[in-house]
Amino acid sequence: MQRIGVFVCHCGTNIAGTVDVKAVAEALKTEPGVVFSTDYQYMCSQAGQDIIKKAIAEYNLTGIVVCSCSPRMHEATFRKTAAAAGLNPYMVEIANIREQCSWVHKEVPIGTEKAIILAKAAVAKVNLNAPLTPGESPVTKRALVIGGGIAGIQTALDIADAGFPVDIVETKPTIGGKMAQLDKTFPTLDCAACILTPKMVDVAQNDKIRVFSYSEVTEVGGFVGNFEVTIKRRARYVKEDICTGCGLCTEKCPQKKVPNEFNLGMDNRSAIYIPFAQAVPKVATIDPNHCMKLKTGKCGVCSKVCTAGAIDYEAKDEFVKEKYGAIVVATGFNPISMEKFDEFAYSQSKDVITSLELERLMNAAGPTGGTLLRPSDHEHPHTIVFVQCVGSRCEACAEKGKEYCSKICCMYTAKHAMLIRDKYPDTEVYVFYIDVRTPGKNFDEFYRRAVEEYGVHYIKGMVGKVSPEGNKLKVQGSDLIYGRQLHIDADLVVLAAAIEPDKSARPLATMLTASMDTNDFFTEAHPKLRPVESPTAGVFLSGTCQGPKDIPETVSQAGAAASKVIGLLCKDKLTGNPCVAHSDEMMCNGCSTCEKVCPYGAISYVDKEFRMPDRTTKVRRVAVVNEAVCQGCGACTVACMSGAMDLKGFMNKQIMAEVDAICK
Amino acid sequence: MIKVSYFPGCTLRTKAKQLDLYARKCAEVLGVQLCEIEDWQCCGGVFVSNNDEIASKLSSVRALIAAKEEDRPLVTVCSACHNVIKQTNYQITNDESFRNRANLYLSQDKEKREPYSGETKVMHYFELLRDVVGFDKIKEKVVNPLTGRKIAAYYGCLLLRPGKVMAFDDPENPAIMEEFIRAIGAEPVIYPYRNECCGGYVALEDPESAKKKSNAVTNSAESHGAELAVTACPLCKYNLVQNGSNIPVVYFTELLAEALGVKEDTNA
């Protein structure tokens, strides 16, 4: 028989406001097994914990029930308290009488009655608890960063700086991500390439960092400290270790009509290409969809001109298997498609562009060499209209846009407007906005400069329609402050397209069993207190895969994710969760149902010899749980038809005892 | 012969007789029987966006019930009637309080009916052509293709908006009328103002504003090379002809009749 202590917390007035805590403590005194019951203002405080410790010693308690907040909040605290008093930490049960009781009820009698029932259920469970000891698992001291944009680069550099090896997996032929495509960065207007490319070079030169470019993660197994990851290295038809990046092949390649994705299709590249001058790794890649040699077998020019002999038309995709202790997701974002926003005539006119396209049009390495020219006729635009929030904050257009604010557009639009007015003072610039949102250090000052010093016309209101007429774009918009309709004959219209997570994020989340929100942004373990960790142990989040962010924020989050990874990799061993599944081999009939439902691949089957009552030996197939891999989700215990599978700490009989106590 | 219930609407009996006449004639050629519902009343007209007003929408509900009793879709030709009836049907399907109140009103009628909750499918004549007859079938039946004629499809707003309720076509970049124009052998002219408002009833109290809107539409169509504009809406036609420029505006059913060879006076 257990000797159980019950400790009811007031949580200030959080619980005591709607639950008569004294009545709860009193009612529990007569429950079977309970030998001590009390209440206190803050059970989690040092004084509260001392009450628990003292009671354990004085009443020789074998189990305790703390009636307080959610176990997510303080279960670990009270387990430590119990351990300090010599009690097995798994003899502690939490009855959540705050989130599931006092916070959702308004009347004291109802709150009190429910709190008593919840506490009784916890007591019923503790009566059947058994001491559990967690196992330990080793930590592979290597990290994986998925995505090689500024977020992934910064995370990798910080982890490597602490002395741990890191691998970056990037789907594009080079690292650099979106930041490499930007012209200037707000609010200081330093050139993006000037601050990014040194970091890319650092990555290339750091002997702790390996870059798997033109590669993707195809399989993730294992668990925190011991992930096993398969990386597909797509065939680039150029030997990475031999290519010197001289670029001769790209000049001689006869197929030069391939839309250049780095310049968002606004100019062309050759079939063998290096995305941009500062690419890392600086090696050529053959685009198999456009290479004549690979498509028809006729050509081979690049192989003839390559003095290093790096071209390999026979190359095949390779698969690399590697072990990692931690995984950082840094898959980034993309602007949403503008195809469905026909009111802005994006697909009808070349002169309606997105802001990212404008970045390339203003960049010295872009299709126009940095001179702002209209894509249609290469004329200087004299009237430019910016439309903000295209697809952002768009509740009514959920099928084509996003409900959330994309956060970066107000600032980059102010940047574009200011740069254009600075370089081409004869150009009139209009910005249509819903709200201007510029919180951030030196951000509002930046926006005000655009309005006050550079004379950008900010108009509160939305653009209803853009119609191409001749070589003009007729813009109809509303000016909500003056209450009038505006008609502007523009030469160029720039759409601040909403941003969305990269399409690779959703399948990756499935592989990692990491959760996502409805917008496909990765969910953090706690929105305020654990913002860079995913709820899945060992998986961390960096950059815009978690939500829209600008560069300063991305870099801070990247560093934070790195420090969490370093903290994990510093450990030699990880303490596991002892609440794992366990199969009773005498009852198991080897049906494989549990193996099929296990999301972690923790269950396998072995043939085992059994002595039968008639003194014969029989070999039977039975389930075995790998305790290091099992996460204790309990799916197998529900699926098991013979009742052989049980979850330690949450055994079927314990759950039933709780249900009985509630229904009594 | 496919049978559908047909709601002509008041304007089609007065100002827009050709719209109705040729809708009927063409339907016959295309193998569709338009069964005019008995004792139909005005659709309720302009009051559709008035959410707390029920009485003005009851006539639409009665028409919907009449079609339900025959188990047929309800077809309209007039853009405005189509808009009102579709919106009313949407509201009665999705808004429980409106449904209950409307049915309560109708239970006071002399004829007793089952409560109605949006079972009837409402179709514009264009949707009938696209989804039931098929533009490819129309092409086969054309005896007098309008080859070489550059025609501007004028959608206006009532056919398309609100987009979710009408579910007629993409409100920003529709295609159904252009497909129709191609089916009768002519060449559609795509111009930016084809889905802009003609000025609507604003013509009554602020004719200048309405004139601006109509002019913008006709100018846009003409500058893109159209020789003729086609519409499904009597009000649009009125505004475009009264306030717009000189481009001729005709109902789509007239063109269809011409192409199918059932128009009486081809010079009209």
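Keep in mind it's a predicted model, so treat the numbers as computed, not measured.

Peer 1: Can you explain the overall build of chain B? Please cite residues and give values.
Peer 2: In terms of regular secondary structure, chain B is built from twelve helices and eight strands. Taken over C-alpha atoms, the radius of gyration comes to 18 Å for chain B, in line with the 18 Å a tight globule of 268 residues would show. Viewed in the frame of its principal axes, chain B has a C-alpha envelope of about 55 × 45 × 30 Å. When burial is assessed residue by residue, chain B has 47% of its 268 residues classed as buried. Nonlocal contacts in chain B, meaning residues at least 24 apart in sequence, comprise 74% of its contacts between residues at least 6 apart.

Peer 1: Account for the overall build of chain A, with residues named and values stated.
Peer 2: Of regular secondary structure, chain A possesses 19 helices and 34 strands. Out of the 664 residues belonging to chain A, those deemed buried represent 45%. Within chain A, counting contacts between residues at least 6 apart in sequence, those at least 24 apart form 70% of the total.

Peer 1: Outline the sheet that holds strand β26 (residues 484-490) of chain A, listing residues and values.
Peer 2: Residue and element names in this part refer to chain A. The three strands are arranged β24-β25-β26 in an open sheet whose pairing can be described as antiparallel. Two strands in the sheet have a free side with no partner beyond their single neighbour: β24 (463-469) and β26. Neighbour-to-neighbour, the strand axes of this sheet turn through a mean angle of 20°, independent of strand direction. Pairing between strand β25 (residues 472-479) and β26: seven bridges, direction antiparallel. Paired with V475 across the strands is I488, a residue of β26.

Peer 1: Mind laying out the nonpolar core, listing which residues take part and the relevant values?
Peer 2: One finds B:L74, B:I85, B:A152, B:F180 and B:L256 to be the most contacted residues of the largest nonpolar core, which totals 78 residues. The two domains that each donate at least three residues to this core are domain 1 (2-125) and domain 2 (143-260) of chain B. A:M200, A:I327, A:I551 and A:A562 belong to the second-largest nonpolar core, a separate cluster that totals 75 residues.

Peer 1: So what about unusual backbone geometry? Which residues, and what values?
Peer 2: Note on backbone geometry: most residues besides glycine have negative phi, and most peptide bonds are trans. The omega angle of the peptide bond from A:F186 to A:P187 is -5°, so this bond is cis rather than trans. On the secondary structure map, A:P187 appears in the loop between β8 (184-185) and β9 (190-191). In the segment running from B:R161 into B:P162, the intervening peptide bond is cis, with an omega of -5°. Within the secondary structure, B:P162 is located in the loop between β5 (150-153) and α7 (163-166). If you check the backbone angles, A:C11 has positive phi at about 50° while not being a glycine. Of note, A:C11 is situated in the loop between β1 (4-9) and α1 (13-16).

Peer 1: So what's going on with helix α4 (residues 71-84) of chain A? Residues and values would help.
Peer 2: Relative to the 20 Å expected for 14 residues at 1.5 Å per residue, α4(A) spans 19 Å between its end C-alpha atoms, a close match to the ideal helical length. Once α4(A) ends, the next one or two residues include A:G86, with phi positive near 90°.

Peer 1: Which residues make up the pairing of strand β3 (residues 63-68) of chain A, and what are the values?
Peer 2: The side chains of a regular strand alternate, residue by residue, between the two faces of the sheet. All names here are of chain A. Summarising burial for β3: six of the six residues are buried, a large majority. Pairing geometry for β3 and strand β4 (residues 92-96), over five bridges, is parallel. Its bridge partner being in β4, C67 is matched across the sheet by A95. Regarding the hand of the β-α-β motif, the stretch spanning β3, α4 and β4 is right-handed.

Peer 1: Go over the domain arrangement of chain A, please, and point to the residues and values.
Peer 2: For chain A, the assigned domains are domain 1 (4-126), domain 2 (143-182 + 211-332 + 503-569), domain 3 (336-500) and domain 4 (581-648). Averaged C-alpha coordinates put domain 1 of chain A and domain 4 of chain A at centres separated by 35 Å.

Peer 1: Describe in detail the pairing of β24(A), supporting the description with residues and values.
Peer 2: Residue and element names in this part refer to chain A. Two elements, β24 and β25, share six bridges in a ladder whose sense is antiparallel. Counted as the bridge partner of V466 is V475 from β25. Once β24 ends, the chain turns through two residues before running back antiparallel as β25, passing G470 with a positive phi of about 60°.

Peer 1: Requested: an account of the environment of A:A396, with residues and values cited.
Peer 2: Here A:A396 is to be found in the loop between β21 (383-390) and α13 (409-423). The sequence separation of A:A396 and A:R236 amounts to 160 residues, and the corresponding C-alpha distance is 43 Å.

Peer 1: Give a detailed account of the domain arrangement of chain B, specifying residues and quantitative values.
Peer 2: All names here are of chain B. Looking at the assigned domains, one finds that chain B contains domain 1 (2-125) and domain 2 (143-260). Once you take the C-alpha centre of each, domain 1 and domain 2 turn out to be 24 Å apart. Contact residues are listed per partner, giving 20 residues for domain 1 and 17 residues for domain 2. For the side of domain 1 that touches domain 2, the secondary structure elements donating two or more residues are α1 (17-29) and α3 (79-94). By residue number, the principal contributor to the side of domain 1 that touches domain 2 is α1, which donates seven residues.

Peer 1: Go over the packing of helix α3 (residues 46-59) of chain A against α4(A) with me, naming the residues and quoting the values.
Peer 2: All names here are of chain A. Packing of α3 against α4 leaves a shortest axis separation of 9 Å and a crossing angle of 40°. Classified by the interaxial angle, the pair formed by α3 and α4 is oblique. Crossing handedness for the pair α3 and α4: right-handed. Contacts between α3 and α4 involve Q49, I52, K53 and I56 from the former and T81, A82 and A84 from the latter. The class makeup of the residues in the contact of α3 with α4 is four nonpolar, two polar and one charged.

Peer 1: I'd like a rundown of the interface of chain B and chain A, residues and numbers included.
Peer 2: Taken together, the contact between chain B and chain A spans six residues of the former and five residues of the latter. Its residues placed into classes, the side of chain B that touches chain A shows two nonpolar, two polar and two charged.

Peer 1: Summarise the confidence of the model for chain B; cite the residues concerned and give the values.
Peer 2: Taken as a whole, chain B shows an average pLDDT of 91; of its residues, 97% reach a score of 70 or greater. The ipTM, which scores confidence in the relative placement of chains, is 0.76 for this predicted complex, and the corresponding pTM is 0.82.

Peer 1: I'd like a rundown of the sheet that holds strand β23 (residues 457-460) of chain A, residues and numbers included.
Peer 2: Consider a sheet: its strands pair through backbone hydrogen bonds, and that pairing is either parallel or antiparallel. All names here are of chain A. Spatial ordering of the open sheet is given by β20-β27-β21-β22-β23, a layout of five strands whose pairing is parallel. Only two strands of the sheet have a single partner each, and these edge strands are β20 (352-354) and β23. In this sheet, adjacent strand axes meet at a mean angle of 25° when their direction is disregarded. Across the sheet, α13 touches β21, β22 (428-433) and β27 (492-497), and the angle it forms with β21 is around 175°.

Peer 1: I'd like a rundown of the packing of helix α12 (residues 355-362) of chain A against α13(A), residues and numbers included.
Peer 2: All names here are of chain A. Running from N to C, α12 and α13 cross one another at 35°; their axes reach a closest spacing of 11 Å. Pair α12 / α13 crosses with left-handed handedness. Along the contact surface, α12 presents S355, L358 and M362, while α13 presents C409, Y412, T413, H416 and L419.

Peer 1: I'd like to hear about the environment of B:V165, residue by residue, with values.
Peer 2: All names here are of chain B. Looking at the element boundaries, V165 is found in helix α7. Here the alpha-carbon distance between V165 and F252, two residues 87 residues apart in the chain, equals 23 Å. Ignoring sequence-local partners within four residues, the contact set of V165 consists of K86, Q87 and Y90.

Conventions we followed
- Residues numbered from 1 in each chain as written.
- Chains lettered and ligands numbered in written order.
- Predicted model: local features only at pLDDT ≥ 70, side-chain atom pairs only at ≥ 80, totals over all residues.
- Helix = DSSP H or I, 4+ residues; strand = E, 2+ residues; numbered from the N terminus.
- Rg over C-alpha atoms; globule rule 2.2 N^0.38 Å.
- Buried ≥ 20, exposed ≤ 12 C-beta atoms within 10 Å, placed from the backbone.
- Contact = placed C-beta atoms within 7 Å.
- Pairing = 2+ DSSP bridges.
- Axes fitted to C-alpha atoms, helices over the stretch in contact; angles between N-to-C directions.
- Core = buried A, V, L, I, M, F, W, Y, C linked by C-beta atoms within 7 Å.
- Domains from an automatic or database assignment.
- Expected span 1.5 Å × (residues − 1).
- Right-handed = clockwise from strand over helix to strand, strands pointing away.
- Parallel < 35°, antiparallel > 145°, perpendicular 65-115°, else oblique.
- Left-handed = near helix turned anticlockwise from the far one by under 90°.
- Nonpolar A, V, L, I, M, F, W, Y, C, P; charged D, E, K, R; others polar.
- pLDDT = per-residue confidence, 0-100.

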